[in-house]
Amino acid sequence: MGTVYPNPITPSETRIGWIGIGVMGGAMASRLLRAGYTLTIYARNPSHPNSLALQSQGASLADSPAQLAQSTDVLFTMLGHPSDVRSILLDSSNGVVSGLRPNSVTVDTTSSHPDLAREIFAASRAKGGWSVDAPVSGGDIGARDGKLAIFAAGEASVVEWLKPLFGIMGKVTYMGPAGCGQSCKIANQITIGANLIGLSEGLVFAKRAGLDLGQFVDAIRNGSAGSKALELFGERMIKRDFRPGGFVEYQVKDLGMGVDVVEESDDNKVVVLPGASLYKQLFSSMVAIGHGKLGTQGVISVIERINGDEI
């Protein structure tokens, strides 16, 4: 039993694999289980609470990434850094691609590097399989509620084929050839960085001005200052709830790929991003003092320290 591309995806036959069961990955995998799909996971620590929770929902365990690829039709990854993606997918002896079967598909939802996504695509095609880079945005709440924005790239027909699975996790947009999903996520992170810094500075200013912060957020949410960042993080910032939906250290990684990347073009020019460079410094200061595992909304603490203030 099993369903490989281009046969239709169905819960009764399509076998799903998952690697990376942290805050985001665990919630996304759980939604697939609840939708009736057969799910097998690979976890370096099978007794991790998220692994045990998925097993209690019916997930099975694989011994290695390669074994998982051999026994599944669609294999999702949600990892931390590009180095993790390279190790899990491209390791020549035990990586996902080494075990990829013809017409099976690997889907990397990690925020990673566009060049690496293109390398994985080429390696997958060489094995007769397919790969899609499909990073996501929406944080822990979006992952839990199935309201993620999904930026998918690769072969257009494969992305279309995957829509029954993407629809369980959120809304997918096809961005173009391999690597374009990752480029979209970098641009997304540049945009959300600006939103988080602006929201932080607005709250610090409002407090200094003697405003009620809850009232301030309610007052601006329906105007031009309203944003998804405000909805997701405004109350968390006010309550100093810095539990992670996305780690600060990952925001630094994503901004770095935008600020430091040399785009492939005739002129081979670096994109000049002065705002993103500043945002990266502000988030990096949190990592430097040991706060890299906090949520990105914790950047308000940097603005507070600069002002000798605290909400």
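The structure we're discussing is the one just above.
Bear in mind the structure is a predicted one, so any value in this text is a computation, not a measurement.

1. Details of the overall build of the protein
Link 1 in the chain: Helix and strand content of the protein: 14 helices and 9 strands.
Link 2 in the chain: Rg of the C-alpha trace for the protein: 20 Å, near the compact-globule value of 19 Å for 311 residues, within the 12% margin.
Link 3 in the chain: Considered along the principal axes of its C-alpha atoms, the protein spans approximately 65 × 50 × 35 Å.
Link 4 in the chain: Here the protein holds 311 residues, and 48% of them are scored as buried.
Link 5 in the chain: A sequence separation of at least 24 residues applies to 67% of the contacts in the protein between residues at least 6 apart.

2. What about the side chain of threonine 72?
Link 1 in the chain: Its location among the elements puts threonine 72 in the loop between α3 (65-71) and β4 (74-77).
Link 2 in the chain: A polar side-chain atom of threonine 72 sits 2.7 Å from the main-chain carbonyl oxygen of leucine 68.
Link 3 in the chain: Not counting residues up to four positions away in its chain, the partners in contact with threonine 72 are Arg15, Ile16, Gly17, Thr40, Arg101 and Ser104.

3. Observations regarding unusual backbone geometry
Link 1 in the chain: Cis geometry marks the peptide bond from tyrosine 5 to proline 6; its omega dihedral reads 10°.
Link 2 in the chain: Looking at the element boundaries, proline 6 is found in the segment before β1 (15-19).
Link 3 in the chain: Even without being a glycine, asparagine 103 presents a positive backbone phi close to 70°.
Link 4 in the chain: Its location among the elements puts asparagine 103 in the loop between α4 (82-90) and β5 (105-108).

4. Let's talk about the pairing of strand β2 (residues 38-42)
For a regular strand, the rule is simple: side chains alternate between the two faces of the sheet.
Link 1 in the chain: Most of β2 sits out of view: 4 of its 5 residues are buried.
Link 2 in the chain: In the sheet, β1 pairs with β2 via 5 bridges, with the strands oriented parallel. In the strand pairing of β2, tryptophan 18 is matched with isoleucine 41.
Link 3 in the chain: In the classification by handedness, the crossover that spans β1, the intervening helix α1 (residues 23-34) and the parallel β2 is right-handed.
Link 4 in the chain: Direction of pairing for β2 relative to strand β3 (residues 60-61): parallel, over a ladder of 2 bridges. Residue pairing in the sheet places isoleucine 41 in a bridge with leucine 61 of β3.
Link 5 in the chain: Crossover β2 to β3 through helix α2 (residues 49-56) is right-handed.

5. Structural notes on the nonpolar core
Within soluble globular proteins, side chains that are nonpolar tend to cluster in buried spots.
Link 1 in the chain: In terms of nonpolar packing, the biggest core is built from 39 residues, with Trp18, Phe76, Val132, Leu162 and Phe166 touching the most fellow members.
Link 2 in the chain: Element by element, the count of residues in this core is highest for α1, at 6 residues.
Link 3 in the chain: When sequence neighbours within four positions are dropped, the list of residues in contact with leucine 162 reads Ile9, Val74, Val105, Val107 and Val132.
Link 4 in the chain: Counting 28 residues, the second-largest nonpolar core is a separate cluster that includes Ala229, Met237, Val259 and Ile303.

6. Here we look at the packing of aromatic side chains
Link 1 in the chain: Inspection of every chain in the model, using the stated rule, returns 4 aromatic pairs.
Link 2 in the chain: For the ring pair tyrosine 5 and tryptophan 130, a centre distance of 5.6 Å and an interplane angle of 70° mean the geometry is edge-to-face. One end of the pair, tyrosine 5, is in the segment before β1; the other, tryptophan 130, is in strand β6 (residues 130-133), and 125 residues separate them in sequence.
Link 3 in the chain: On the basis of relative accessibility, which here comes to 12%, the residue tryptophan 130 falls in the buried class.
Link 4 in the chain: Taken together, a centroid distance of 5.3 Å and an interplanar angle of 70° make the contact between phenylalanine 247 and tyrosine 250 edge-to-face.
Link 5 in the chain: Here the aromatic residues Tyr5, Trp130 and Trp161 are joined through ring pairs into a cluster of three or more.
Link 6 in the chain: The side chain of arginine 125 reaches across the aromatic face of tryptophan 130, ending 3.6 Å from its centre.

7. Looking at the environment of glycine 22
Link 1 in the chain: Tracing the backbone shows glycine 22 in the loop between β1 and α1.
Link 2 in the chain: Using a relative accessible area of 35% as the deciding quantity, one classes glycine 22 as partly exposed.
Link 3 in the chain: Not counting residues within four places of it along the chain, the set of residues in contact with glycine 22 comprises Ala27 and Asn50.

8. Topic: the packing of helix α12 (residues 248-259) against helix α13 (residues 274-288)
Link 1 in the chain: Look at α12 against α13: their axes get within 9 Å of each other, and the N-to-C directions meet at 150°. Here α12 lies roughly antiparallel to α13, going by the angle between them. At the point where α12 passes α13, the crossing takes the left-handed sense. When α12 is examined against α13, the residues Val248, Glu249, Gln251, Val252, Leu255, Gly256 and Val259 are found in contact with a partner set consisting of Ala276, Ser277, Tyr279, Lys280, Phe283, Ser284, Met286 and Val287.
Link 2 in the chain: Partitioning the contact of α12 with α13 into residue classes produces 9 nonpolar, 4 polar and 2 charged.

9. With respect to the state of the cysteines
Link 1 in the chain: The final tally for this structure, using the stated rule, is 0 disulfides.
Link 2 in the chain: With no disulfide of its own, cysteine 180 has cysteine 184 as its nearest cysteine by sulfur position, at a separation of 9.1 Å.
Link 3 in the chain: For cysteine 180, a relative accessible area of 27% gives the class partly exposed.
Link 4 in the chain: Relative accessible area serves as the criterion here: at 18%, cysteine 184 is assigned to the buried category.

Reading the values: rules and limits
Residues numbered from 1 in each chain as written. Predicted model: local features only at pLDDT ≥ 70, side-chain atom pairs only at ≥ 80, totals over all residues. Heavy atoms only, no water. Helix = DSSP H or I, 4+ residues; strand = E, 2+ residues; numbered from the N terminus. Rg over C-alpha atoms; globule rule 2.2 N^0.38 Å. Buried < 20%, exposed > 50% of the residue type's maximum accessible area, 1.4 Å probe, protein only. Contact = heavy atoms within 4.5 Å. Polar contact = N/O pair within 3.5 Å; in protein donor to acceptor, adjacent residues only side chain to side chain. Pairing = 2+ DSSP bridges. Right-handed = clockwise from strand over helix to strand, strands pointing away. Core = buried A, V, L, I, M, F, W, Y, C linked by side-chain atoms within 4.5 Å. Phe/Tyr/Trp six-rings, centres within 6.5 Å; stacked < 30°, edge-to-face > 60°. Lys NZ or Arg CZ within 6 Å of the ring centre and 35° of its normal. Axes fitted to C-alpha atoms, helices over the stretch in contact; angles between N-to-C directions. Parallel < 35°, antiparallel > 145°, perpendicular 65-115°, else oblique. Left-handed = near helix turned anticlockwise from the far one by under 90°. Nonpolar A, V, L, I, M, F, W, Y, C, P; charged D, E, K, R; others polar. Disulfide = S-S within 2.5 Å.

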